[in-house]
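# Report on the structure
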Amino acid sequence: MNQIIQEKFIPQQLLHFLAGRRCCQAFPCTFRTTDHQVFINSARALGLRSLCVFNNGLTIKVFKQACRHYLEEPKVLALSSTTIMNMFTLLSRASLMAKDLEICPDYMGLGEVEIEVPQLAVQLPLSQIQPAMPRFKTESQRNILRSFPGYSSTPEVLNSIYSHRVVAFNADLYWDKSVYIPLILLDDCEQKKTGLRIMCIERDQIIAIHNSQRMAQFFVEEVGNTVGIDVPQSTIISPSTQIIYSTAKQFLRSMVSHNSEKFQNISHFVVNDVHHHEPFTDILLGELRDALNKSLNFRIILLSQLASPTKYINFFGEGAELSMERLHLTGPRISYLEDIHSCIALAGIHKGPDIYKDLPQVFRNKNQRNEQMDKCLQVYEELGTDVSIRPFLYAINYELVPINYRHSISGKTAVLIASQLNNARHLRLLLYMGADPYMVDEQHQNAISLAAMKGNSECIDVLNNYSLHGYVVKNAKPEFIDYDLIIDIMYLLATKPEFSPGKCTLRNILIILPSYYHIVKLNYMLLSHCLTENLQEFSIFLLHEDMTKEYVDTIINARSDTVMVVLATEIIESLPLPISFKYEIDTACQRTSVYDSNSYCVYDRYEWVAKDCLFRRQLLLDAEAKDTHCFRLISKNACEVLNETSRPLLQSMQLDKICLLVKLLSPYTVISEYLSFAISAPPLINVHHTVQILKKIEALNDGEEVTWLGCRLLDIPVPCQLGRTLIFGILLRCLDPILTIVSAMVNTDPLGIPFNEDIDQLWDRFTIYIQCRIKNERARLAENQYSDHFIFVRLFQEWHSRMTKKPTTFLCLTDEYDFVLNGLMERVHATRCEIVRALEQANLIHSEGSLSLETINLKSASWPTVKAALTGGMYPNICAVDNERNCLKSAYSVNVHLHPNTVLRDFLEPFTKSAQKFRTPWIVCSKQKNHIVYASVVVPMAVALFAGSSHLRSSQVCDTNPATNDRNVQLFIDEWIWMVMPKSVIELVMKTRQYFFKSYHYLLKYCSQPEMWSRNANYSLLYDTLATAFENEETEAGFQKISEIDYQPFVKITNNYILAVNQNFSWNQEIDDNFDLTQRAAPYDLNTHFVERQFFLLHTKESADDFFLNINEAYIERVLGKFARPIESPNRHIFVILYSKNPDVMLSVSRARTLNGEFTLKEYFRNTIPVYEMLEACATINVNVPNFDGRLISCLIDKRVGKLIMDLFAFRHHWIHKR
């Protein structure tokens, strides 16, 4: 038998591996040691490499030659003498004897120990159902009931609900189903004097809050009486509550540990928006089906906007369908991408602010700017690459250089060079931006004749199409939002009478975007065009999944004469609003979180929405209005091939929280088996990989049982790996910077660099600037720490300091970067607050004692300690540098590369050069597929102490030469991480690991018992010693010391900065003395193309901050009012440009206006622009130079100069030039 195993079985297994796709594989060894050498010899004979790994027993790992998982040699761990002394002192204390360091099995959830899941505020079962008592309805309440579109169908709806246990109710958002159904059920029960309790499940938390408050207002009560709410950190329910609004995730969480009683005392389940297949809603539907099979007596009403909800009836195996169609008087007009470009071309709308567009020849004068532009064109002509055209495009967008700029000597334009190079992509881009293909050079050649002479067929086709239609259509991709096209549509709606018959007036417009980042970016662009009066005045409102209730209240309480431009994500499909939209601009794309099972990572993917989603969005337009219009930013051909229905999120998302929840809901069922019965079952490979990762981080044990860690992670609103990072931050007492890093990683990076270099990215005004400038900004924030995570800390710290010191009255615009940064940092701050509340509710943060905020932030200023916490929390996302092969190696990716985003490499720098600067070979990282996006170089000690399992076995320590005392010992932390160190060091490392993880498990088990933690968990000496040791090791490795990280956790900052800015610039909400009182209720019908603008210069010796703090009504009247008031009118607007001397700079642009009898200034833009730029520009365009000498306090200037100054304040990226 031994001979058969050695000669046939082992070689056969290796041949199967060699023929497969895997690059490496682990083979468990038999108990015969002779087989180990046979494995190694057989692998060598087949050209394979092999390694003996000690990880819970001996394992042979076999590698192909191309495998990059294989570590050729173990990484060395050499601790400094100071660190060794500190660790020895720590472990030599009498209380740290070996018997005290033993880890009991129950800490890991092993054996027969029962895990008690922490309880939420709402505990099932609910109180007993009481009969509903009749109540008197006011005439207002009766009118509200009659106003529901389904009021006349109430008997039919009630009959279906009472006749079947399951009813699938199909109607669009206009029916307001999740308020209408509970109201008619409660009204019917009051008449019959029967009891009920309705659980209304909403898709998002903000929708549940909004609908609960609307329902409470109907009963003229506060939330918590008849109507209750149950969402994270906000639970208001009383025994008399009959209608409860919640989310599927929150309700499922409250069901844990109450499986036998979880549906008691609930008579009706109303599950809204089931067609969206929200993951936790799909899990809840499975639980409801199981409850029905147990003959529980309750009713399930599924609310959908699908054309046919048959699949839900089939899923439950019973029930009835009830479909209500909305009568549309006239359908909206739908324009696709081709139609939109045609309309814009026929309308002759100019794209962007370009004062020099009609005077291109003036740029042929000799000056520094023209010399630089000549060099840009020369480089582009020589190279013809995407990178070479970027500086020219940057100058067009941010330096107001004309697209038709001609070379000073050759006379060539960029579009002519693109035609000469036969680069059709660049040619289409330049034509779209307004380039003229008919302009000739010094040889009297234009782009058309040059393409024909050289036979450049691709360019000829593009130019023929341009000659035929007069415009160029961009290749639409879902990942690139064409903001300029949206602005052009706004111009089209505001200026062309065919879109607003009778008056050139905007009506309410809905713009649907894929994410919050896109909303904030478009918000700034719309404000810039509105404040510069290129567009007429309107009010901007935002709607997204993570907004606060103030955003919804603002749009609902807006004045009836307000022209609304609502920027929304897909939440608008589920949020009923009393607003009539006449126009809709639909980007037709969505952002989806996708789990890549090959690289064990999650990334965001932009894709086109399905046809059913487009139809639902189309129904958001006012059905009773005439001439409604829907603009879809997708070609008609692309729209025709879209999927009919959306793909359920459960089939693509990361499943870590789902797996933990379903295991707690059904402890005796295998996770993959449970999920296979879901209405939208996820791929089995995704479930398997997720379970393996959860076992790796010990949220599940080897028997697939939930551990104490898994119970704690369930209540933290971030992915499990980031939640574990927060726990390490609590233990190591550096929570505040970890909070910032985790919050930033779940939001959009304001300094992110796209990886896929594609020319279509050049259409985006925010991302086309030179990428090395972004790298420089990231490098400044990183402070030579070789850490992208440190950038998040510094960026938030600078924003936090600026927001706490900046007066709230200065709600003006600086530039697009600052506005977007403020919007994104506001989300980071809101996420931080949400996480802290969740940690408090999970008992991981206490109000006092060892787990108070003050105590768990004692080491927040120690960046080495923060990196150590990242190492433990982010495991197994750890990479190692292979200096011999000049590559990175990872446990889960064959080929790992550094993303251009990371500061570990300079702009366009090869890895071989970047790796030479790393202080250590270990990197903790976050990946997108096989690219490291965010990384930090960490010391080997952090990896040795915190990576791997919390209960390393002695078998993972390999002593190759036990005969000698002064020798090196190998430590196999897991199947991949392999280190070598002196025997004296390994003993210190293993004992310190054991001591730390004892405190780790003690925290997880007893954090909900403050008296246990305060009495037994005195680990201050351990954490102080570790912090000192990490600082010593970083110094020995050559890391630079940083300035102290500020910690200000108790400073309150409003989460509504963007909301405040938008409200600040809503002029029509203020009383305007220039309009007759009888006209104020009518829509504001002023067309900006008939408005005259006058500009005044105003000199000050103060800074802009001091000026606006110190000015008063008398000063404004004396220096401006007596000159400007006589000429101000509804058709003549006054703008004031503030400047100062020494240095000569322009500081701000304000609008002067008479309100309530007072002449006031409202600041629009603030920045610092050198005066000499205006002097040069005035000489170039041949206008009178304004007087900036300061002798006159105020003076009137040329309107063309004033418009140029305003455009520079509004549309230029100043931060690039300043830094």
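Residues numbered from 1 in each chain as written. Predicted model: local features only at pLDDT ≥ 70, side-chain atom pairs only at ≥ 80, totals over all residues. Heavy atoms only, no water.

### So, the UniProt feature "repeat: ANK" (unreviewed entry) in the protein
Filter applied, for reference: UniProt positions are given in the numbering used here, feature names are shortened, and annotations may be inferred rather than shown by experiment. Strands are runs of DSSP state E lasting at least two residues, helices are runs of H or I lasting at least four, and both sets are numbered from the N terminus onward.
As recorded in UniProt, the sites labelled "repeat: ANK" (unreviewed entry) are residues 410-442. Between the C-alpha atoms that bound residues 410-442 there is a distance of 6 Å. The span itself is 48% helix and 0% strand.

### Quick look at the sheet that holds strand 15 (residues 539-543)
The condition that has to hold: By this definition, two strands are paired if DSSP reports at least two bridges between them. What counts as an axis is a line fitted to C-alpha atoms, over the stretch in contact for a helix, and the angles between N-to-C directions run from 0 to 180 degrees. In what follows, residue pairs with any heavy atoms lying within 4.5 Å of each other are defined as contacts.
In spatial order, the strands read 13-20-17-14-16-15; together these six strands make up an open sheet with parallel pairing. At either margin of the open sheet sits one strand with a lone partner, and together these are strand 13 (333-335) and strand 15. Neighbouring strand axes in the sheet, compared pairwise and without regard to direction, differ in orientation by 15° on average. Both strand 17 (residues 583-586) and strand 20 (residues 629-632) contribute to a ladder of four bridges, which runs parallel. Opposite Tyr583, over in strand 20, you have His629 as the bridge partner. Across the sheet, helix 11 (residues 337-347) lies against strand 13 and strand 20, angled at about 90° from strand 13, the strand it touches most.

### Some words on helix 42 (residues 1199-1211)
Because an α-helix packs 3.6 residues into every turn, residues spaced three or four apart end up facing the same way. Quick note on the threshold: Expected helix span is computed as 1.5 Å times (number of residues minus one). Burial here depends on accessible area, computed with a 1.4 Å probe over protein chains only, as a share of the maximum for the residue type. Under 20% is buried, over 50% is exposed, and the range in between is partly exposed. Definition of a polar contact: a pair of N or O atoms within 3.5 Å, with one able to donate and the other able to accept a hydrogen when the atoms are protein atoms, and with sequence-neighbouring residues admitted only if both atoms are side-chain atoms.
Taking 1.5 Å per residue as the helical rise, helix 42 with its 13 residues ought to reach 18 Å, and the 18 Å between its terminal C-alpha atoms agrees with that figure. Burial analysis of helix 42 places 10 of its 13 residues in the buried class, the great majority of the element. The N-capping residue of helix 42, defined by a side-chain oxygen 2.7 Å from the backbone nitrogen of Arg1200, is Asp1198.

### Observations concerning the side chain of Lys696
Along the polypeptide, Lys696 turns up in helix 25 (residues 684-696). Beyond its immediate sequence surroundings of up to four residues, Lys696 is in contact with Tyr875, Pro876, Tyr892, Asp974 and Glu975.

### Side note on the packing of aromatic side chains
This is how it is decided: Classification of ring pairs uses Phe, Tyr and Trp, with its six-membered ring standing for Trp, and accepts pairs whose centres are within 6.5 Å; under 30 degrees between planes counts as stacked, over 60 as edge-to-face, and the remaining range as tilted.
Counted according to the given criterion, the structure contains 30 aromatic pairs. Each ring, one from Phe218 and one from Phe219, has its centre 5.1 Å from the other, and the planes form 85°; the classification is edge-to-face. You'll find Phe218 and Phe219 in the same group, each marked buried. When the ring of Trp922 is compared with that of Trp976, the centres are 6.3 Å apart and the planes differ by 80°; the resulting orientation is edge-to-face. Here Trp976 lies in the loop between strand 27 (968-972) and strand 28 (978-982) and Trp922 lies in strand 24 (residues 922-928), a separation of 54 residues in the sequence.

### Regarding the pattern of salt bridges
Should their charged atoms come close, side chains of opposite charge can pair. Our working definition: Any carboxyl oxygen of Asp or Glu within 4 Å of a side-chain nitrogen of Lys or Arg constitutes a salt bridge here.
Under the defined criterion, the tally for this structure stands at 47 salt bridges. Taking the shortest distance from any N to any O, the salt bridge between Arg1153 and Glu537 comes out at 4.0 Å. Taken together, the residues Arg1153 in strand 31 (residues 1145-1155) and Glu537 in the loop between helix 19 (516-531) and strand 15 connect sequence positions 616 residues apart. According to the relative accessible area criterion, Glu537 is buried, its value standing at 15%. Among the ionic contacts, a cluster of salt bridges with common partners joins Arg135, Lys137, Asp187, Glu190 and Glu221.

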